[in-house]
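If you want the building blocks of each chain, they are given just below.
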There are 4 protein chains.
Amino acid sequence: MTSAPHYGAAFARWREGAPSWTAYTQHAFVQGLADGRLPRDAFLHYLKQDYVFLIHFSRAWALAVAKADTLAEMTVAAATVNALVNEEMSLHVGLCEAAGISQSTLEATAERDENLAYTRYVLEAGYSGDFLDLLAALAPCVFGYGEIGLLTAAQRSSDTYGDWIETYSGEDYQGLCRSVGELVDGALERRLGQDYAASPRFGHLQARFETATRLEVGFWGMGLRP
Amino acid sequence: MTSAPHYGAAFARWREGAPSWTAYTQHAFVQGLADGRLPRDAFLHYLKQDYVFLIHFSRAWALAVAKADTLAEMTVAAATVNALVNEEMSLHVGLCEAAGISQSTLEATAERDENLAYTRYVLEAGYSGDFLDLLAALAPCVFGYGEIGLLTAAQRSSDTYGDWIETYSGEDYQGLCRSVGELVDGALERRLGQDYAASPRFGHLQARFETATRLEVGFWGMGLRP
Amino acid sequence: MTSAPHYGAAFARWREGAPSWTAYTQHAFVQGLADGRLPRDAFLHYLKQDYVFLIHFSRAWALAVAKADTLAEMTVAAATVNALVNEEMSLHVGLCEAAGISQSTLEATAERDENLAYTRYVLEAGYSGDFLDLLAALAPCVFGYGEIGLLTAAQRSSDTYGDWIETYSGEDYQGLCRSVGELVDGALERRLGQDYAASPRFGHLQARFETATRLEVGFWGMGLRP
Amino acid sequence: MTSAPHYGAAFARWREGAPSWTAYTQHAFVQGLADGRLPRDAFLHYLKQDYVFLIHFSRAWALAVAKADTLAEMTVAAATVNALVNEEMSLHVGLCEAAGISQSTLEATAERDENLAYTRYVLEAGYSGDFLDLLAALAPCVFGYGEIGLLTAAQRSSDTYGDWIETYSGEDYQGLCRSVGELVDGALERRLGQDYAASPRFGHLQARFETATRLEVGFWGMGLRP
């Protein structure tokens, strides 16, 4: 496994303990983004599904605001909701328009089961569990896209999907990963103490992280089957 | 489509409006239960996944108790939780033991994605929506197994899966379907009035019912792939 | 009763149907803000409790983002969270500092039972019900402060609490009330149709609005008992 | 403080760390039950409010089923829901009938704010937190009534409220307290390890326990004000 980007101590542990992490971050879909060989219709299909994904992902981050313990936790989560709803969604709509997908087409996208499985898993983890369960389920998407952004930027051999690569390797998104990393580390320490990794809870959170990672692999696979 | 079993007025409408209903109730898996040609390992694989399913399904019915408006609604939902946790689970453990699957094997079952997708969809529908959203998502499983019980009992040409068929066509399970049918009809009238089907809400609930039905189709499909 | 501010059709109905509305909007505490006779220690005590209130109120609006059906609904709710967490909270911290209450004092405020009762009622309405239940429970605070802002601005005979009065009668806050009013009307029509007031659901929502209004009366009463 | 009944290790700690425990378990209302001097109308008023309380308390236990991690946890919580909905509620209806309060009067009871505050606090703790948050908020009622049952049985100097005293000091209820005690201890160990009391989480749970205890004091106080 390549070394982990610096998104905090918990991420480094969770990533190390997640058997599906490589299958996710080095998926054929990702390779296709880096070398430009990903078929166009697969990319457009992915963009449309990702639009639906982002809506539910934003809802999950909003749930994190409701489940936070401190104003500082709320503020980071609320800023993430804001970044997703008011910035990333518009960016997405823009990317899609440039690719010939109108907003009304986007909104009419039929959600695929692999997409539904992932977002409902995350939301349900949050509703049934607490703030930590929710963060562990949200983490693979946030951090994985950061790592994939850096990997594809390093391996890039084509401009075809350059916009996508620049979005996720760019300073804005990397900064978001670092601030979410601090949120996760702080939330764990606050609840489970400095030695949080020794708590049985950490094992349960590790399992949540792995399940969400596995569902990310399924999402990429779905992306290759327009 | 064959005629609907008498599980109430809302079920008859939802079933009529769900494009995937036939694919669900007349799935190859179901045919294989009726004529005994379902491979044994598919059945055992299904039983193990269904054990995991029942745990989450029981949790969803418990959530219905929490989300009910009246003591009468709570009582029906609580009786269903009780029937699931204290009776159907044991029945299931018994069926599995008879088939050579120990309880510890059952408990160690790795949840398949099609299984996870379905139960998290139902639970999330309940948490994010209200009692009606939850009932609409729970309905395809409860009523569908009732209808499939009756269909397989009528078409049965083998004793191989006779126990399964007798469980769901039997009076206990059919009575449960009728009492849940009354719960659903009453809950709709209480919230949306006698003309509930004219409310936009009913269309949204219909969509939930269809999505859950589609996820049932996915569950049968998974059952055929041990 | 004085005429309702123009915050939409549902608000006008709910306000009309809430026996406690006048007790809330014309409470002795409110009169004391307008004529400047509210004791200073009651005002400071109120500001501290309101700080705790705003945290939970922001969590409830975040829950509304998670429970919304459409991107448009999510956007208004997310903007409200943002306004609360990033603007109103800071404004509050500022008002408190000007009044000699440090941020650490604010954060150490012990929550009073009348405060706890109100916010947990709102949050639980949202968790157990749907988006409409949550909006009906959130409405009395949003709209009531708008109306009280206008009333106190009209009746004002002292500058003592001028900042407070100007905040809630000001165009920013009044604009928020109008946009939440549109959100509420649209959410009702989308779910219950144009004739939403004829649905039994509307009666249940009216009851939620009245309960939350009654808890606002309790909050003012608590404000008078430092 | 008198010694704790044997309801488990976590209860002993929480009770020790809750400043309001004595005010709750030795409240004037409780003394009045033991010596029979509690005015009849206060008792009847309490019974009616307690009926409303039990409905929401049952909903909270049902939420615990949904939030449990293991089948064993689900089974205890589901049995508690069942005991509450199908047994304690009927017992309550019977006690009320014997006291001249019809079921329809019971159902028409207007919920008092002290009652609402308590149950919504518990439910919201469960929704926003996890299984442990919910148990910590549920614990003061379950265990406190057990302890009060034993105290009033020991101090009893009148038969006036003998039925009530016998219900809570009786073996059925005491057995429930012990089984909930085991559930709590097991749930803490499973999530936070054997040294759970050293986790910061335990401090947060202690705070929830104290808040719920304080709200019990408010409930008794309300009981004295028909």
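No experiment lies behind these values; they were computed from the predicted model shown.

S.K.: How should the overall build of chain A be read in this particular structure?
M.R.: When helices and strands are counted, chain A shows 11 helices and zero strands. Start at the N end of chain A and walk to the C end: the helices and strands fall as α-α-α-α-α-α-α-α-α-α-α. Dimensions of chain A along its principal axes, counting C-alpha atoms only, are 50 × 35 × 30 Å. Taking all 226 residues of chain A together, the buried fraction comes to 50%. Within chain A, residue pairs in contact and separated by at least 24 positions form 78% of the contacts whose partners lie at least 6 positions apart.

S.K.: Explain the interface of chain C and chain A here, please?
M.R.: Accessible area lost on assembly of the parts is the figure often given for the size of an interface. The interface is formed by 14 residues belonging to chain C together with 14 residues belonging to chain A. Of all elements in the fold, only α4 (40–67) and α5 (71–98) of chain C reach the threshold of two or more residues within the side of chain C that touches chain A. A per-class count over the side of chain C that touches chain A returns 10 nonpolar, three polar and one charged.

S.K.: How should the relation of the copies chain A and chain B be read in this particular structure?
M.R.: Relating the two copies of this chain is a rotation about some axis coupled with a shift parallel to it. Rotating chain A by 180 degrees about the axis while translating it 0.0 Å along that axis superimposes it on chain B, leaving an RMSD of 0.0 Å. What the superposition gives is, in effect, a two-fold axis relating one chain to the other. Among all C-alpha atoms of chain A, that of A117 of chain A lies closest to the rotation axis, at 2.0 Å. The residues that chain A uses at the interface reappear at the interface of chain B in 100% of cases, marking a shared surface.

S.K.: I would appreciate a short explanation of the relation of the copies chain C and chain A in the present structure.
M.R.: At an RMSD of 0.0 Å, chain C and chain A line up after a rotation of 180 degrees and a shift of 0.0 Å along the axis. A share of 100% of interface residues in chain C that are also interface residues in chain A marks the association as one of identical surfaces.

S.K.: Mind showing me how you'd approach helix α1 (residues 9–16) of chain A here?
M.R.: Residues three or four positions apart in an α-helix share a direction because the helix packs 3.6 residues into each turn. All names here are of chain A. Inspection of α1 places A10, F11, W14 and R15 among the buried residues, and these make up the whole buried set. Along the axis of α1, the buried residues cluster in a sector spanning 130 degrees; they form a single face. For α1, the secondary structure elements touched by its buried residues are α2 (21–25), α8 (131–155), α10 (171–192) and α11 (200–223).

S.K.: What is the right way to look at the packing of helix α7 (residues 113–128) of chain B against helix α11 (residues 200–223) of chain B in this model?
M.R.: Between two packed helices, what matters for the description is the angle formed by their axes and the separation of those axes. All names here are of chain B. Taken N-terminus to C-terminus, the directions of α7 and α11 make an angle of 160 degrees; their axes are 8 Å apart at the nearest point. It follows that α7 is roughly antiparallel to α11 by the angle criterion. α11 is crossed by α7, and the crossing has left-handed handedness. Residue-level inspection shows E114, N115, A117, Y118, Y121, V122 and A125 of α7 in contact with α11, the latter providing R208, T211, A212, L215, G218, F219, G221 and M222.

S.K.: Explanation requested: the environment of L54 of chain A in the structure shown.
M.R.: Residue and element names in this part refer to chain A. Here L54 shows up in helix α4 (residues 40–67). Its 19 C-beta neighbours within 10 Å are what place L54 among the partly exposed residues. C-alpha separation for the pair L54 and G175, spaced 121 residues apart in sequence, amounts to 19 Å. Ignoring anything within four residues of it in the chain, the contact list for L54 reads L84, E88, M89 and H92.

S.K.: Please explain the environment of N82 of chain A as it appears in this structure.
M.R.: Here N82 of chain A shows up in helix α5 (residues 71–98). According to the C-beta neighbour criterion, N82 of chain A is buried, with 20 such atoms within 10 Å. Counting along the chain gives 25 residues from N82 of chain A to E107 of chain A, while the straight-line C-alpha distance between them is 20 Å. The contacts of N82 of chain A, once residues within four sequence positions are left out, are A78 and N82 of chain C.

S.K.: Got a minute to help me understand the environment of A79 of chain B in this structure?
M.R.: Residue and element names in this part refer to chain B. Its location among the elements puts A79 in helix α5 (residues 71–98). Classification of A79 as partly exposed rests on a count of 19 C-beta atoms within 10 Å. Along the primary structure A79 and D185 are separated by 106 residues, whereas in three dimensions their C-alpha atoms are 18 Å apart.

S.K.: Where do I start with the confidence of the model for chain A in this structure?
M.R.: Parts of the prediction with low pLDDT should not have their coordinates interpreted in detail. Taken residue by residue, chain A gives an average pLDDT of 95. The fraction at 70 or more is 100%. Here the predicted complex carries an ipTM of 0.96, next to a pTM of 0.97.

S.K.: Please clarify how the packing of helix α8 (residues 131–155) of chain B against α11 of chain B should be interpreted in this entry.
M.R.: All names here are of chain B. One can describe the packing of α8 onto α11 by two numbers: an axis separation of 8 Å at closest approach and a directional angle of 40 degrees. Relative to α11, the element α8 lies oblique. In terms of crossing hand, the pair formed by α8 and α11 is right-handed. Contact residues: L132, D133, A136, A137, A139, P140, C141 and G144 in α8; L205, R208, F209, A212, T213 and E216 in α11.

The rules behind these values
Residues numbered from 1 in each chain as written. Chains lettered and ligands numbered in written order. Predicted model: local features only at pLDDT ≥ 70, side-chain atom pairs only at ≥ 80, totals over all residues. Helix = DSSP H or I, 4+ residues; strand = E, 2+ residues; numbered from the N terminus. Buried ≥ 20, exposed ≤ 12 C-beta atoms within 10 Å, placed from the backbone. Contact = placed C-beta atoms within 7 Å. Nonpolar A, V, L, I, M, F, W, Y, C, P; charged D, E, K, R; others polar. Least-squares fit on C-alpha atoms with pLDDT ≥ 70 in both. Arc of directions from axis to C-beta. Axes fitted to C-alpha atoms, helices over the stretch in contact; angles between N-to-C directions. Parallel < 35°, antiparallel > 145°, perpendicular 65-115°, else oblique. Left-handed = near helix turned anticlockwise from the far one by under 90°. pLDDT = per-residue confidence, 0-100.

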